[in-house]
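In case you want the letters, here they are:
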Amino acid sequence: VGSMMGLNKHKPWIETSYHGVITENTDVVLLDPPLVALDKDAPVPYAGEICAFNIQGLESPFEAVVLNGTSGEGQLRARGLVDCESQKEYTFIIQAHDCGSGPGGAEGKKSHKAAVHIQVNDVNEFAPVFRESEYRAAVTEGKIYDNILQVEATDQDCSPQYSQICNYQITSARTPFAIDRNGNIRNTEKLSYDRQQQYEIQVTAWDCGQKRALRSVSVRIDVKPVCKPGWQGWNKRVDYEPGTGSKQLFPKMHLETCGGPLSSARTTVELQTGHIGKGCDRETYSEKSLQKLCGASSGSTDLLPAPSAATNWTASLVTDSGRDSELIFTFDGRQAAKIPDWVVPQNLTDHFTIATWMKHGPSHGLRAEKETLLCNSDKTEMNRHHYSLYVHNCRLVFLLRRDFTQVDTFRPAEFHWKLEQICDKEWHYYVINVEFPVVTLYVDGVTYDPYLVTDDWPIHPSQIDVQLTVGACWQGGEVKKPRFTQYFRGSLAGLTIRPGKIESQKVISCLQACKEGLDINSLESLDKSIKFHFNPAQSILVMEGEDLENMNAAVRKVSYINSRQFPTPGARRLRISTSVQCFGEDTCITIPDIDAVVMVLQPSEPRITISGAERLTRPESDFGAAGGIALFQDLHIISTVTRADAAAARQTGETRPRQPEVLEEIIHNLDYCDILVLGEELGPEEESLQVRRGALLGKHLDATNSTSGMSVYGVDSMSSYEQVIRQVRYYHRRPAHLTERRFRLTCSELNGRYTSNELNLEVSAPEGSRVQRLNSSDVYTPLMFPCAATVVIVMCIAALVVVVVLGIYRIHLTHQQEIRLEETAKEAGTSWDDSALTITVNPMEVREEEPLSNAGSDEEDEDEEDEEEDDEITSAESDYSEEEVDIQLPKVERQSRKGQNWDKARISY
């Protein structure tokens with residue numbers, strides 16, 4: 001043994017350094033050079049053998065094992081799986097040990113220390129992951145971008161081969177974008193905001209080991225319009241619900257200036273309503289009712305009323321009354337109307353007023369003819385114009401020729417006005433106030449003095465009748481055949497003439513006022529730096545300011561308002577034009593005009609209901625009493641609208657457009673109520689309808705009366721109409737002649753646009769009163785004695801004989817009276833139509849016989865007594881009328897009665 005120990009003279013030998021490679025997730029290390037230890041003591045047992053390889057290093061995950069101690073071969077391996085992502089390289093020290101003196105390596109020798117460097121090879125175990133969960137970018141339309149944005153993905157693998165991203169790709173189909181290897185996205189064509197405002201594309205990535213990302217990333221690209229200066233944030237259509245007051249038109253609108261420095265801005269908002277009615281939404285009441293409402297003095301004559309039996313001269317004219325019950329007459333150069341003589345005001349003095357609505361355009365031809373609105377000329381023989389209103393070459397001319405009886409000097413006769421409104425094809429309200437020799441024209445409430453006044457001599461007096469015409473002038477003389485000439489081409493409405501009265505400017509403004517227009521909501525909150533101005537009709541609003549934000553706030557306050565309870569539905573166009581000034585720049589931005597529409601929705605149509613007694617029975621004495629009887633004492637007028645009950649629809653779960661409907665009572669005005677006599681017209685000598693003038697005081701109401709009924713008109717509340725109509729009374733001077741009368745009551749709002757139901761009333765005297773009258777007369781009643789039937793028969797026969805004799809005698813008297821009446825009628829030059837003569841003989845009436853010679857004088861005495869009774873009744877009526885003035889009959893009926901023939905239709909005895 002001792003000799004053997006002495007043989008371990010040499011240390012083992014290994015390389016000075018080793019390089020190794022290990023693939024992650026494995027334990028095998030490939031060393032270069034291989035791990036081999038040599039010992040010069042070989043083949044001495046133990047001393048020349050290798051027993052171990054020791055590794056020196058802190059927590060080194062490797063170990064070395066001896067594969068063959070004799071040859072010295074060893075192996076380096078990992079104690080566990082190695083992760084490249086945790087550590088890519090390892091360096092440690094290794095030594096070889098020989099066995100020394102025995103198998104346990106006692107007294108063995110160590111080799112020198114060798115350095116070992118281990119590199120961990122990567123495995124492509126991770127896929128690329130994008131840094132962001134979503135990418136967003138914005139581009140302006142119409143441009144090609146080199147780089148819109150860059151997407152980036154990473155890979156957790158440790159090696160460059162597997163951790164680097166080698167490729168990106170857009171996976172969405174048919175998109176105008178491309179991506180390069182570095183993740184830069186660009187557009188391949190110009191984008192359009194109008195075509196598409198946003199794109200969303202999907203992008204994926206590959207690492208250099210061709211491993212694809214498990215999840216694609218979303219990229220959103222917003223397309224912004226090219227910054228164009230102009231108003232933004234406004235709606236093309238604004239709906240207006242009737243009765244909602246003032247409504248803001250542009251609550252979110254603002255002016256985009258694209259960063260341009262503005263020094264001031266001026267905005268004009270124009271409401272275009274020329275296609276609505278007579279230029280805008282005005283009250284569509286009749287001209288009489290509207291004048292009463294505006295406080296105009298009474299006495300005007302409507303020369304263009306609605307065609308009717310009493311006003312038939314407008315029946316041949318062309319009317320356009322389809323819009324909201326407005327009565328518009330259209331003249332094409334071929335229509336004209338003669339105003340009846342009974343309508344023409346006869347008392348024109350130096351003070352009177354002519355008013356009309358007119359829409360007129362430029363005339364055809366270089367030298368256009370005169371176009372006559374109103375003309376008063378000679379009816380026959382001559383061709384003199386006494387006064388006329390006409391248009392000539394876009395000039396309005398008023399001619400007024402005085403008579404020699406009024407003035408005998410050279411005086412003003414023609415008054416000329418040249419205005420743009422005359423030929424602009426728009427509706428305007430013209431009022432000519434005559435305070436001779438001064439004549440003033442109002443157009444839409446604005447005063448204009450004539451630019452030219454020509455003088456002329458007065459007209460020589462003559463006995464020639466005159467003719468008043470509308471739409472042309474009547475040429476009754478100096479031609480072979482009288483005809484119309486100088487026809488008007490245009491539209492007219494509400495043509496009135498008022499003798500002796502001059503309306504104030506306040507009344508004129510009321511008559512032509514628009515009920516719709518522009519408004520400023522919360523005017524008190526408008527910034528003080530904003531200047532604004534409305535035109536008189538409030539259809540144009542101009543706003544000016546220097547601060548852009550204050551200007552935006554001001555325009556957002558612009559509102560539309562329609563004060564009519566039942567406005568005309570339909571569209572109203574809006575136009576907004578803006579001009580700006582910039583600081584010290586020659587060129588400034590241009591703000592384009594915008595067009596919008598206010599849509600006035602259909603109002604809920606009211607249903608006017610009138611109710612009251614349908615039959616009225618009164619004693620005969622009441623009919624003949626002062627004032628007669630009240631016809632409609634229990635009258636009630638209400639109005640309802642049908643509204644959809646949205647709350648009820650929600651409760652019942654209905655989803656259909658049709659919702660439960662509920663009736664809602666509303667309050668609105670009326671403009672007329674007509675009481676029509678059914679059957680025969682009232683006998684003017686015996687019957688009348690009356691209403692106290694005091695009942696109309698304090699109200700915007702008036703009344704007209706005729707034999708066919710009564711009309712109460714004017715714009716006032718339903719309550720006021722109730723009060724007046726309840727006081728309408730029916731009077732009959734000879735109630736004994738009354739059998740039965742029937743009346744019909746109807747009411748209207750907005751000149752017939754909404755009409756009520758018909759309330760029919762029958763009026764009569766009870767049968768009992770007539771029987772009582774019969775019993776109280778001088779009727780002979782034979783006495784009846786029940787003692788014997790013979791006596792009764794004899795008395796009956798005697799009574800019958802007496803009655804027959806009396807009847808024959810009365811017929812003879814009547815015949816004599818008829819002869820005298822015929823002679824009297826012939827002497828008076830009047831004709832007596834006896835075709836309807838009826839003689840009623842009461843066989844039960846017995847009177848004492850009078851001598852035949854006195855019959856005629858007695859009849860005359862009875863007539864005188866009747867006349868005295870009539871005079872007493874007339875006197876009584878006169879006394880009553882001082883307190884309660886009756887409404888007089890129209891002039892047409894009074895004149896027609898002057899020349900009527902005496903037609904005694906019935907004589908009762």
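Residues numbered from 1 in each chain as written. Predicted model: local features only at pLDDT ≥ 70, side-chain atom pairs only at ≥ 80, totals over all residues. Heavy atoms only, no water.

Peer 1: How do you make sense of the sheet that holds strand S7 (residues 114-121) when you look at a structure like this?
Peer 2: Within a sheet, neighbouring strands are paired by backbone hydrogen bonds and run either parallel or antiparallel to one another. The strand order across the open sheet formed by 5 strands is S2-S1-S7-S6-S3, and the pairing between neighbours is mixed. With one partner strand each, in any of the chains shown, strand S2 (29-32) and strand S3 (50-56) form the two edges of the open sheet. For this sheet, the mean inter-axis angle between neighbouring strands, taken without regard to orientation, is 30 degrees. With 4 bridges connecting them, strand S1 (residues 17-23) and S2 associate as antiparallel partners. Among the inter-strand pairings, Val-21 is bridged to a residue of S2, identified as Leu-30. (Pairing = 2+ DSSP bridges. Helix = DSSP H or I, 4+ residues; strand = E, 2+ residues; numbered from the N terminus. Axes fitted to C-alpha atoms, helices over the stretch in contact; angles between N-to-C directions.)

Peer 1: Where do I start with unusual backbone geometry in this structure?
Peer 2: Generally, phi is negative for residues other than glycine and the peptide bonds are trans, each holding for most cases. Going from Asp-32 to Pro-33, the amide bond is cis rather than trans, its omega being -5 degrees. A cis amide bond, omega 10 degrees, links Phe-436 with the succeeding residue Pro-437. Its place among the elements puts Pro-437 in the loop between strand S31 (427-435) and strand S32 (438-443). One non-glycine residue, Tyr-46, lies in positive phi territory at about 65 degrees. Looking at where Tyr-46 falls in the secondary structure, it is placed in the loop between S2 and S3. Judged by its relative accessible area of 31%, Tyr-46 falls in the partly exposed class. (Buried < 20%, exposed > 50% of the residue type's maximum accessible area, 1.4 Å probe, protein only.)

Peer 1: Even after reading the chapter, I still don't get the pattern of salt bridges, so can you show me in this structure?
Peer 2: Side chains bearing opposite charge may pair, as long as their charged atoms lie close to each other. The full count for this structure, using the stated rule, is 23 salt bridges. Across the salt bridge formed by Arg-734 and Glu-686, the nearest N and O atoms sit 3.4 Å from each other. Residue Arg-734 is located in the loop between strand S54 (729-732) and strand S55 (740-749), and its partner Glu-686 is located in the loop between strand S50 (669-678) and strand S51 (687-690); the two are separated by 48 residues in the primary sequence. Owing to a relative accessible area of 24%, Glu-686 belongs among the partly exposed residues under this scheme. One salt bridge connects Arg-741 with Glu-687, and the closest N-O pair in it is separated by 2.8 Å. Residue Arg-741 is found in strand S55, and its partner Glu-687 is found in strand S51; the two are separated by 54 residues along the sequence. Its relative accessible area of 9% is what places Arg-741 among the buried residues. Accessibility expressed as a relative area gives 9% for Glu-687, which makes it buried. Each member of the salt-bridge network shares a partner with another, and the members are Asp-281, Glu-283, Glu-516, Arg-564 and Arg-572. (Salt bridge = Lys/Arg side-chain N within 4 Å of Asp/Glu carboxyl O.)

Peer 1: What exactly am I supposed to notice about the environment of Trp-357 here?
Peer 2: Looking at the element boundaries, Trp-357 is found in strand S26 (residues 351-359). The buried category is assigned to Trp-357, whose relative accessible area is 3%. Each C-alpha atom, one on Trp-357 and one on Gly-494, is 6.0 Å from the other, the two residues being 137 residues apart in sequence. Other than its neighbours up to four places away in sequence, Trp-357 contacts Lys-278, Arg-282, Trp-427, His-428, Tyr-429, Ser-491, Leu-492, Ala-493, Leu-511 and Gln-512. (Contact = heavy atoms within 4.5 Å.)

Peer 1: I tried to follow the state of the cysteines on my own but got confused; where do I start?
Peer 2: The term disulfide refers to a covalent linkage connecting the sulfur atoms of a pair of cysteines. Under the definition given, this model contains 10 disulfides. The disulfide that involves Cys-84 links it to Cys-158, with 1.7 Å between the sulfurs. Across the S-S bond linking Cys-84 and Cys-158, the dihedral sits near 100 degrees, which makes this disulfide right-handed. Of this pair, Cys-84 sits in the loop between strand S5 (73-78) and strand S6 (89-98) while Cys-158 is found in the loop between strand S11 (153-154) and helix H2 (160-163), placing the two residues 74 residues apart along the sequence. (Disulfide = S-S within 2.5 Å.)

Peer 1: Would you mind going over empty space enclosed by the protein with me for this structure?
Peer 2: Summary: where empty space remains is shown by rolling a probe the size of a single water molecule over the atoms. Applying the stated criterion across every chain, the model contains 3 cavities of 30 Å³ or more. Roughly 80 Å³ of internal volume is contained in the largest cavity. In terms of lining residues, the largest cavity is bounded by Gln-291, Ala-296, Thr-353, Ala-355, Tyr-429, Val-431, Thr-496, Arg-498, Glu-503, Val-507, Ile-508 and Leu-511. Among the elements of the structure, S26, S31, strand S38 (489-499) and helix H4 (505-511) are those that each provide at least two residues to the lining of the largest cavity. Examining the composition of the lining of the largest cavity, we find that 3 residues originate from one element, H4, more than from any other. Here the lining of the largest cavity is composed, by residue class, of 7 nonpolar, 3 polar and 2 charged. (1 Å grid on protein atoms, 1.4 Å probe; cavity = no way out; pocket = protein on both sides within 12 Å on 5 of 7 lines; lining within 4 Å. Points joined across faces, edges and corners; volume = space filled by probe spheres on them. Nonpolar A, V, L, I, M, F, W, Y, C, P; charged D, E, K, R; others polar.)

Peer 1: What is the right way to look at the packing of aromatic side chains in this model?
Peer 2: Pairs of aromatic rings are described using the distance from one ring centre to the other and the angle between the two planes. All chains considered together, the criterion is met by 17 aromatic pairs. Between Phe-484 and Tyr-487, the ring centres sit 6.3 Å apart and the planes meet at 55 degrees, which makes this aromatic pair tilted. A centroid spacing of 5.4 Å and a plane angle of 65 degrees characterise the contact between Tyr-730 and Phe-743, whose relative ring orientation is edge-to-face. You can see Tyr-730 sitting in strand S54 and its partner Phe-743 sitting in strand S55, a full 13 residues away along the chain. (Phe/Tyr/Trp six-rings, centres within 6.5 Å; stacked < 30°, edge-to-face > 60°.)

Peer 1: I keep staring at the pairing of strand S4 (residues 62-68) and nothing clicks. Help me out?
Peer 2: Walk down a regular strand and you will see the side chains alternate between the two sheet faces. The pairing of S4 with S5 spans 6 bridges and is classified as antiparallel. Residue Ala-64 lies in a different strand from S5, and its bridge partner there is Leu-76. Between S4 and S5, which pair antiparallel one after the other, the connecting turn spans 4 residues, and Gly-72 there sits at a positive phi close to 85 degrees.

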